[in-house]
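# Topology and contacts: notes
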Amino acid sequence: MSTDNTKMSENAITPSVLNKMFGRALMYGASWNYERMQNLGFLYMMVPALKRTYKNNTPAMAQAMKRHLEFFNTHQTAAPFIGGVAAAMEENEGNDGGSAISGIKVGLMGPLAGIGDSLIWLTLVPICFSIGASYSAEGGLLGVAIALLLINVINVPLKYFGLKFGYSSGSKFIQESAARGTLDTITNMAIALGLVLVGGLIPQMVGITFGLEFTQGELVVSVQELINGLIPGVIPMLLTLLMCYLVRKGKSPVFLIVATLVAAIVLTALGVLTTA
């Protein structure tokens, strides 16, 4: 028993580790990419916690790093909170809880993205820049500096305390769930919620508009309107399922992006698709 406690204390995530994570969280969005969005930034933020947890166990460290390279996208202010929860789960569960860690990340990223967009981008940023604009009405950069200062006076503490709260609440949540035997149920619910949220984004993120029209006398039938009338959103869904199938078959996502771009240009030139 004492050996287990010693091992846990040696691998416990310290305040200095959390501070390192916070410093990296300030550069979270520097490596955004079209394939997996914010996965590189999230992994970069998690590295101090993973090094503390897995130490010299290189295979286990590699497995954990690969797990955090999965698709991830949320509001940048909310990301440290999720990182704190993930760090607590890595510390307590390790690679044995890999599916639970991924499930919690997927379950949290969607709702927190919506909250962050509403509170930060649509509320805080406009208010701060409106205040800053009043100081730059006659020119000058003072208003810009004031706006950026006001934003970060709120944004930076939210990231810092969000990370701390995510770690502390995540540890408590794991211990209580493990004692009650409800962690697997909660994980499955989080995964299901995440999949529903990601699936609901397909019609917004994937846009295909057919330009084909058939004319019979004065009657004009639009293929796009006909499809939308029968099964709204079916074309984006089918295209997404096709991409998932090809990725599972080993096709490179970069190749699929380029192929989709070329196909869109050709089909638009032929009049099959339209940009409207």
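See the structure shown above.
Keep in mind that what you see is a predicted model, and the values were worked out from it rather than measured.

## Describing the packing of aromatic side chains
Inspection of the entire model under this criterion finds five aromatic pairs. Taking the centre distance of 6.1 Å and the plane angle of 20° together, the rings of F81 and F165 count as stacked. Linking F81 in helix α5 (residues 79–93) with F165 in helix α7 (residues 142–180), this pair joins segments that are 84 residues apart in sequence. Consider the rings of Y160 and F161, whose centres lie 5.1 Å apart with planes at 85°: the pair is edge-to-face.

## Focus: the packing of helix α2 (residues 15–25) against helix α3 (residues 39–54)
Closest axis-to-axis distance for the α2/α3 pair is 7 Å, and the angle between their directions is 160°. Between α2 and α3, the angle falls in the class roughly antiparallel. Here α2 and α3 pass one another in a crossing that is right-handed. In contact with V17, K20, M21, R24 and A25 of α2, α3 contributes Y44, M45, M46, V47, P48, A49 and R52. Looking at side-chain class alone, the contact of α2 with α3 contains nine nonpolar, no polar and three charged residues.

## Digging into the pattern of salt bridges
Evaluated as defined, the whole model comprises two salt bridges. In this structure, R36 and E35 form a salt bridge, with 3.9 Å as the shortest nitrogen-oxygen distance. The class of E35 is partly exposed, set by a relative accessible area of 35%. Between E90 and R67 there is a salt bridge, and its shortest N-O distance comes to 2.7 Å. Pair noted here: E90 is in helix α5 and R67 is in helix α4 (residues 58–67), with a separation of 23 residues, a long-range link. R67 carries the same exposure label as E90, and that label is buried.

## Remarks on α2
Within α2 the residues assigned to the buried category are V17, L18, M21, F22 and A25. Each buried residue of α2 sits inside an arc of 145° when the element is viewed along its axis, so together they form one side.

Rules and cut-offs
- Residues numbered from 1 in each chain as written.
- Predicted model: local features only at pLDDT ≥ 70, side-chain atom pairs only at ≥ 80, totals over all residues.
- Heavy atoms only, no water.
- Phe/Tyr/Trp six-rings, centres within 6.5 Å; stacked < 30°, edge-to-face > 60°.
- Helix = DSSP H or I, 4+ residues; strand = E, 2+ residues; numbered from the N terminus.
- Axes fitted to C-alpha atoms, helices over the stretch in contact; angles between N-to-C directions.
- Parallel < 35°, antiparallel > 145°, perpendicular 65-115°, else oblique.
- Left-handed = near helix turned anticlockwise from the far one by under 90°.
- Contact = heavy atoms within 4.5 Å.
- Nonpolar A, V, L, I, M, F, W, Y, C, P; charged D, E, K, R; others polar.
- Salt bridge = Lys/Arg side-chain N within 4 Å of Asp/Glu carboxyl O.
- Buried < 20%, exposed > 50% of the residue type's maximum accessible area, 1.4 Å probe, protein only.
- Arc of directions from axis to C-beta.

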